[in-house]
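# Coordinates in review
Residues per chain are reported as follows:
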Amino acid sequence: MVNKRLKLNRTIFIVMLLAIWEITAHSHIFPELLFPSLESILSALIHELEKGTIVLQTYNSIEMILEGMIIGDILAIIISVWAMISRRINEYVTTLVSIMDPLPGIALLPLAILWFGTGRNSIIFIIIHSVLWPMILNTVTGFKTIPKIYLEVGSNIGLKKIKIITNIMIPSALPSLLTGLQVGWSRAWRALISAEMIFGATGKESGLGWYIFEKRFMLDMPGVFAGLFIIVAIGFIVETVLFEIIEESTIKKWGMTN
Amino acid sequence: MECFLEIKELCKSFVSNGRYITVLDKISFNLHENDFLCVLGPSGCGKSTLLRCIAGYEKINSGKIILEGNELTKPGTDRMMVFQDFNQLFPWLTVEKNIDYPLKINYPKLSKIQRKELTSYYLELVNLDNFKDFYPHQLSGGMKQRVVIVRALSLHPKLLLMDEPFGSLDALTRYKLQKELLKIYEHTGVTIIFVTHNIDEAIILSSKIVVLSQHPAKIIDIITNDIEQPRLPGTPQYGELWNRLNLLMGLDKSIEESAALTREEVI
Ligand SMILES: Nc1ncnc2c1ncn2[C@@H]1O[C@H](COP(=O)(O)OP(=O)(O)O)[C@@H](O)[C@H]1O
Ligand SMILES: [Mg+2]
């Protein structure tokens, strides 16, 4: 019930924002070129969708982020498991995380370009950097706070090391793992769009960031907003819808949230 | 004759704040198959430590633990542990899967259907078959403990180790579970070591009682309990044993002593 009312409130609020936007656009306080109306944004969006380039570019962006996240998150889990072996390794890993974690991915771009050139690999590198450290941080925290009793029950029922990791430690630490994934995703998504804007069209594989950059260059404001709309929509779908579904079907179902 | 379980001069100490604290001091006792041993002692005396040593969770400093001729050093499915904590089922598995999973690990040859049959057999044993699709957080404390007990039994342990498993339950549920445990004990003939600080619980359940002292834990007495079931507090034998255990645990004496201490302090 409360949830429904919240959702209704949220919808009303968004409708209000859109109305304010529309009124402002039609009042011509700002030049139409800089502040397009919702209709023109919508028609630009439809036009772009029909043309198909924006779909391809969205696909490119998503493909890159998925690739980077899969590599980064698997790496993070391996490193975190390794960090559980001894207190000293744990110390090294934690130190490394505290050095690397505050470094915005996009700040590594010049370095990435030197190492990998201007292209897909540089972007993947930055995405991996964006997801790796927060994932290690959360995974290690998750592992450290596993109730000892689960590990003891695990060894009692005859589980060996690998099974303890995959079947006890990972599900026990799932709430933290999901937090790590979520933080990593939002960092990577921002880094990806920024990086694409900076070196954009290298060959055919450009993404959403480059799309917006290009539209600005051509002074196609409705097009810019159409691009922004897609970025917001994907962010919303992943962060609010997808993660919510994952939580509902795992940790919430299992009573592992407080 | 070789004994089923033999504990020989078991010593265990912990280092805390740079000092050695001896918790178990030369504990020795024997157990026959099908015994129901209650380890009785005041809180903090080392009962859990003793059980954890037998389970293989703690390295012992000296002495021997021998089960059917084999010295024990690490955890194994021949000794299944049941803790007091209500959160020892895996929360990410349903009740059914919590029992199924250990079976799958330990009896890889069983088919899915065979495991399913076993699982419902064990759940029926504690009247929880209707809850098989529930997740642990949807169960009451008493229900969780019953699932834990049958999960342990399903692996056919030689020893069932129970560390105050009913300690956090309300009196009524505790009483029901004691009855159920006795039923299971008679039904399966499993050998049990059951730790408690509750005299009544020890009397109701045990066939044998080991009484421990405090700081460090030493065995004060080993008592055979052959009062006929059902063991009712009103009967003379019950009362007699209760008084004896109460005296051994020094409860009344300590109340008098502490009363004396407070008087001295007042003077
Ligand atoms: N891991 C440990 N490190 C240091 N001291 C411990 C540890 N485990 C138990 N102890 C100490 O051993 C004593 C006995 O504890 P325990 O076996 O839990 O008692 P009981 O189960 O009889 O209440 C206590 O004084 C406790 O502080
Ligand atoms: Mg204890």
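To keep things clear, this report deals only with the structure shown in the data block. Source: prediction; values computed, not measured. (Residues numbered from 1 in each chain as written. Chains lettered and ligands numbered in written order. Predicted model: local features only at pLDDT ≥ 70, side-chain atom pairs only at ≥ 80, totals over all residues. Heavy atoms only, no water.)

Bringing the overall build of chain A into the picture now. Per the secondary structure count, chain A includes 11 helices and zero strands. From first element to last, N terminus to C terminus, chain A shows the α and β order α-α-α-α-α-α-α-α-α-α-α. Taking the principal axes of its C-alpha atoms as reference, chain A extends roughly 70 × 55 × 30 Å. Within chain A, the proportion of its 258 residues that are buried is 42%. In chain A, once contacts between residues fewer than 6 apart in sequence are set aside, the share between residues at least 24 apart is 71%. Summing over all exposed atoms, chain A offers an accessible surface of approximately 14400 Å²; the carbon and sulfur share of this is 71%. With 20 positive and 19 negative side-chain charges, chain A shows a spacing of 13 Å between the two charge centroids. (Helix = DSSP H or I, 4+ residues; strand = E, 2+ residues; numbered from the N terminus. Buried < 20%, exposed > 50% of the residue type's maximum accessible area, 1.4 Å probe, protein only. Contact = heavy atoms within 4.5 Å. Areas by Shrake-Rupley, 256 points an atom, 1.4 Å probe, with all protein chains shown as cover. Lys, Arg positive; Asp, Glu negative; His and termini not counted. Charge placed at Lys NZ, Arg CZ, Asp CG, Glu CD.)

Residue and element names in this part refer to chain B. The immediate surroundings of ligand 1 are formed by Phe-14, Val-23, Pro-42, Ser-43, Gly-44, Cys-45, Gly-46, Lys-47, Ser-48 and Thr-49. Separating an oxygen atom of ligand 1 from a backbone N or O atom of Gly-44 is a distance of 2.6 Å. One of the side-chain N or O atoms of Ser-48 is found 2.6 Å from an oxygen atom in ligand 1. Considered on its own, ligand 1 offers 550 Å² of accessible surface; in the complex 59% of this is hidden by protein. At three residues, the largest contribution of residues to the shell around ligand 1 is made by helix 1 (residues 47–55). Among the residues making up the shell around ligand 1, the classes are represented as four nonpolar, five polar and one charged. (Near = heavy atom within 4 Å. Polar contact = N/O pair within 3.5 Å; in protein donor to acceptor, adjacent residues only side chain to side chain. Nonpolar A, V, L, I, M, F, W, Y, C, P; charged D, E, K, R; others polar.)

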